[in-house]
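Each chain, written out:
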Amino acid sequence: MRRRIFISAIVLAASISVISALVIFAAEQIKKESVYPQLELFSDALTIVHSAYVDQVSVRDLIYGALKGMLSSLDPHSQFLDPEAYKELKVETEGQFGGLGIEITIKDNLLTIITPIEDTPAWKAGVKTGDRIVKIDGELTRDITLPDAVKKLRGKPGTEVNLTILRESESRILEIKIVRDIIKINDVKKAQILEDNIGYIRLIEFREDTAKEFEAALKRLKESKMDALILDVRYNPGGLLDVAIDITSSFLPKDSLVVWTKSREEGSKVEFKSKGKDHLLDLPMIVLINEGSASGSEILAGALQDHHRAIIMGTKSFGKGSVQTVIPMGDGSALRLTTSKYFTPSGRSIHNIGIEPDIIVEPRFISEDESEEKEDIFKKLEENENSKKEKEKPKSEEKMKQENPMEKEDFYRRDAQLLRALDLLKAIKVYNKNLEKAK
């Protein structure tokens, strides 16, 4: 009986093995049947075009064109990079390149500006987040791919490019002329104490050296007795994922979940956690975002929001939450392929949704006249006091003030969102002090 059971088990196991082999074989056949005929179709089309097209075209150019079409048909962020475009991509991440200073994408089938980079030609020309580029030098951008758009927008420094812009928020068409320049990006735009020991850092992008610049800025602010922080990532289009994680790690305990990704394959979830470093865990903090905050800045804001580590203030972010993997090819070209999507620690999708701020504050820039009117009485009092003390003031003291790298500026007094953040942090600090006294 035992022998019969044993033999039956062998037969059953053999049967299962045969069935498994047949399933695998069938799957391979289905794969062959679905792919190979299409490859044959592509080969036939390639041969016909190469031999019958009115002008002679190299096989390489035809293959490159086919790859560009294939990748661009997937989504706005997937693209085929020829060797020249791949080199340009690598130059971008190093923080210096020639062009206008804008981040672009394809949205609703239109070439759309994610954000102009501060202090670049595009920024100075008045280009805004959400602007649709409908023409470049008089040529319509209908059905244009991102690589082709980048090529048209870039050029030698000093040369001009004419953009026809559709600004939907104002229901009008604008003609904007921009002179190209070498784009040098200082990712930490501002780092200073504003008022009441509240620090302010404006972060422009996440590039190779950003984390080092950011840590140096934090160190300077801490040495200046910073006890609260406003981190401004408005108009920050993102950049390198590992850099965004590195900066977020400054404010979370080690091994805290920052972001996770998921591809179409089962069990493909990949988690990214905060790194071991000098963590600022007790610092009251506000992160400013807006519609120009995308990708890495959304990862940072989403993580700090989910961990209840910072108050997110401003307006809803852009919603660029897909992951592109750059895969080098043998001839120096590369595939930039969307392979997964970002999710915040709590599982919220960022892609096409964005980050909702905890406190919505619409942008409003206060004019200098308006700012002066509000502070007119106090300004007069200060002027009177200063006029009395000016003669008594030692010259050495004035010299020290001018050389102080953390000297205050009044730019924030004209920024309604920044002023709200400043007032809220002052209130939080007062509340915390009262709690300590009550104990």
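Up top is the structure these notes are about.
A brief report on the enclosed structure follows. The residue count restarts for each chain, going from 1 along the sequence in the order it is written. For a predicted model such as this one, the threshold for reporting local features is a pLDDT of at least 70, and the threshold for listing and counting side-chain atom pairs is 80 or more; totals across whole chains, interfaces and linings nevertheless cover every residue. The side-chain numbers reported here are obtained from all heavy atoms of the structure, hydrogens and water having been left aside.

1. Description of the overall build of the chain
- By the criteria applied, helices consist of DSSP H or I runs no shorter than four residues and strands consist of E runs no shorter than two, each listed in order from the N terminus. From N to C terminus, the chain includes 12 helices and 19 strands.
- Considering only contacts within the chain whose residues lie at least 6 apart along the sequence, 68% involve residues at least 24 apart.
- Here the open area of atoms and residues is found with the Shrake-Rupley method and a 1.4 Å probe, where only the protein chains shown may cover a residue. Of the roughly 25,500 Å² that the chain leaves accessible, carbon and sulfur atoms contribute 53%. We call two residues in contact when some of their heavy atoms are within 4.5 Å.

2. Re the nonpolar core
- The biggest cluster of nonpolar side chains holds 39 residues, and the ones touching the most others in it are I201, F214, L229, L231, F251 and V287.
- Residue assignment for this core shows that the elements contributing at least two residues are β10 (188-193), β11 (198-203), α6 (210-223), β12 (228-232), α7 (241-248), β13 (257-262), β15 (285-289) and α8 (296-306). Buried Ala, Val, Leu, Ile, Met, Phe, Trp, Tyr and Cys residues that are joined via side-chain atoms within 4.5 Å together make up what is termed a nonpolar core. Here's how the labels work: a residue is buried when its accessible area is under 20% of the maximum for its type, exposed when over 50%, partly exposed in between, all with a 1.4 Å probe on protein chains only.

3. With respect to a nonpolar patch on the surface
- A grouping of V35, Y36 and L39 is seen on the molecular surface, where their side chains present a nonpolar patch of about 290 Å² in accessible area.
- Looking at the element boundaries, V35 is found in helix α1 (residues 2-52).
- The class of V35 is partly exposed, set by a relative accessible area of 35%. Any residue with relative accessible area above 30% and no salt bridge may belong to a patch, with like charges joined within 9 Å and the nonpolar Val, Leu, Ile, Met, Phe, Trp and Tyr side chains within 5 Å. Think of a salt bridge as a Lys or Arg side-chain nitrogen and an Asp or Glu carboxyl oxygen that are within 4 Å of each other.

4. So, the sheet that holds β10
- Pairing between two strands requires that DSSP report at least two bridges joining them. Spatially, β10-β11-β12-β15-β16-β19 is the arrangement adopted by the six strands of the open sheet, whose pairing is mixed. Both edges of this open sheet fall to β10 and β19 (359-360), since each of them pairs with a single strand only.

5. Overview of the pattern of salt bridges
- What the rule picks out here adds up to 24 salt bridges.
- Between K68 and D82 there is a salt bridge, with its nearest N and O atoms 3.8 Å apart. Of this pair, K68 sits in helix α2 (residues 59-72) while D82 sits in the loop between β1 (79-81) and α3 (83-93), and the two are 14 residues apart along the sequence.
- Given a relative accessible area of 10%, D82 falls into the buried group.
- Between E103 and R207 there is a salt bridge; the shortest N-O distance is 3.9 Å. Within this pair, whereas E103 is found in strand β3 (residues 102-107), its partner R207 is found in the loop between β11 and α6, the two being separated by 104 residues in sequence.
- One salt-bridge network, held together by shared partners, links E118, R202, D232, R234 and D415.

6. A short note on the side chain of H351
- Considering the arrangement of structural elements, one finds H351 in the loop between β18 (334-343) and β19.
- A relative accessible area of 16% means that H351 is categorised as buried.
- We define a polar contact as two N or O atoms separated by no more than 3.5 Å, with the added condition that, inside protein, one atom must be a possible hydrogen donor and the other a possible acceptor, whereas residues neighbouring each other in sequence contribute only through side-chain atom pairs. Looking at H351, its side chain comes within polar contact range of the main-chain nitrogen of G321, at 3.2 Å.

7. Points about the side chain of E298
- One can find E298 in helix α8.
- Neither His nor the chain termini are counted; the positive set is Lys and Arg, and the negative set is Asp and Glu. K320 is the oppositely charged side chain nearest to the buried, salt-bridge-free E298, at an N-O distance of 8.1 Å.

8. Quick look at the environment of F318
- In this structure, F318 sits in the loop between β16 (311-314) and β17 (322-328).
- As a C-alpha pair, F318 and N236 span 82 residues in sequence and 10.0 Å in three-dimensional space.
- If near-sequence neighbours (up to four positions away) are discounted, F318 is found in contact with T105, K107, I114, N290, E291, S293, A294 and E298.

9. Quick word on helix α12 (residues 416-438)
- The terminal C-alpha atoms of α12 lie 33 Å apart, and with 23 residues this matches the ideal 33 Å at 1.5 Å per residue to within 8%.
- The complete set of buried residues in α12 reads A416, Q417, L418, A421, L422, L425 and K429.
- Looking at the buried residues of α12, the elements they touch are β11, β12, β15 and β16.
- At the N-terminal end of α12, a side-chain oxygen is found 3.2 Å from the backbone nitrogen of Q417, two or three residues along, and the residue is D415. Expected helix span is taken as 1.5 Å per residue step, with the number of steps being one fewer than the number of residues.

10. A word on the pairing of strand β7 (residues 160-167)
- Inspection of the sheet shows strand β5 (residues 132-136) paired to β7 by four bridges, in the antiparallel sense. Of the residues in β7, the one forming a bridge with K135 is T164.
- Where β7 and strand β8 (residues 172-179) come together, eight bridges link them in antiparallel fashion. What sits directly across from L166, in β8, is I173.
- The antiparallel pairing of β7 with β8 creates a hairpin that spans four residues between the two strands, and S171 there sits at a positive phi of about 55 degrees.

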